[in-house]
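Reading the structure
If you want the building blocks of each chain, they are given just below.
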Amino acid sequence: MQTSTDKKMRNSATRNSIYEYLCGTKAHPSAEMIYLDLRETNPTLSFGTVYRNLKQLEETGRVIRVSTLNNRERYDANCSDHLHFACEKCGRVIDLMDADTETALTACGLPSGAKIRSIYGTCELCSENK
């Protein structure tokens, strides 16, 4: 039986452009941000098409979804094991590539093998602009 990560997708120019867009940014854009940026070069693109393609890319393990406090999903093409810091004020999402996930699990009282995807707080820019 095929699992969602084994599922083959037909090649799609739209899906490829969404994936390339995600590979070219560290901003962790939302579906809406991707739609607005790509619509400039592809005026027939719909928000629904972007959202469906993001879901397919996530199901096949090519992108990961990062949730923020305001339930606005953001996307990342870097699927390596890493944490994200999400600012509670401005919504910015930052990769924490060097964070020790085992230390974070221990600090949170979680068992080894649990998954932490995001840490929330206030970013440096928002802290400076109190």
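Refer to the structure printed above.
Summarised in this report is the structure supplied together with it. Everything numeric in this text was worked out from a predicted model, so none of it was measured.

Some remarks on the sheet that holds strand E5 (residues 118-121)
Spatially, three strands are ordered E4-E3-E5 in an open sheet, and the strand pairing comes out mixed. The open sheet is flanked by strand E4 (93-96) and E5, the only strands paired with a single partner. The mean inter-strand angle of the sheet, taken between neighbouring strand axes irrespective of direction, is 25 degrees. Pairing analysis gives four bridges linking strand E3 (residues 83-87) to E5, with the strands arranged parallel.

A short note on the pairing of E3
Counting buried positions along E3 gives five out of five residues, so the element sits mostly inside the fold. In E3, alternate side chains face the same way, and those of Leu83, Phe85 and Cys87 on one face and His84 and Ala86 on the other are all buried.

Observations concerning the packing of aromatic side chains
In this structure the tally under the stated criterion is two aromatic pairs. An angle of 85 degrees between the planes, with centres 6.1 Å apart, marks the rings of tyrosine 35 and phenylalanine 47 as edge-to-face. With tyrosine 35 in helix H2 (residues 31-39) and phenylalanine 47 in helix H3 (residues 47-59), this pair connects stretches of sequence that are twelve residues apart. Owing to a relative accessible area of 16%, tyrosine 35 belongs among the buried residues under this scheme. One aromatic cluster is present, formed by Tyr35, Phe47 and Tyr51 through successive ring pairs. For arginine 62, the ring lying beneath its charged end belongs to tyrosine 19, and the centroid distance is 4.0 Å.

Brief notes about H2
Ala31, Ile34, Tyr35 and Leu38 are the residues of H2 that are buried. Angular distribution of buried residues about the axis of H2 spans 100 degrees; they occupy a single face of the element. Contact partners of the buried residues in H2: helix H1 (13-23), H3 and strand E2 (74-76).

Calculation rules
- Residues numbered from 1 in each chain as written.
- Predicted model: local features only at pLDDT ≥ 70, side-chain atom pairs only at ≥ 80, totals over all residues.
- Heavy atoms only, no water.
- Pairing = 2+ DSSP bridges.
- Helix = DSSP H or I, 4+ residues; strand = E, 2+ residues; numbered from the N terminus.
- Axes fitted to C-alpha atoms, helices over the stretch in contact; angles between N-to-C directions.
- Buried < 20%, exposed > 50% of the residue type's maximum accessible area, 1.4 Å probe, protein only.
- Phe/Tyr/Trp six-rings, centres within 6.5 Å; stacked < 30°, edge-to-face > 60°.
- Lys NZ or Arg CZ within 6 Å of the ring centre and 35° of its normal.
- Arc of directions from axis to C-beta.
- Contact = heavy atoms within 4.5 Å.

Nothing here speaks to function; it is all geometry.
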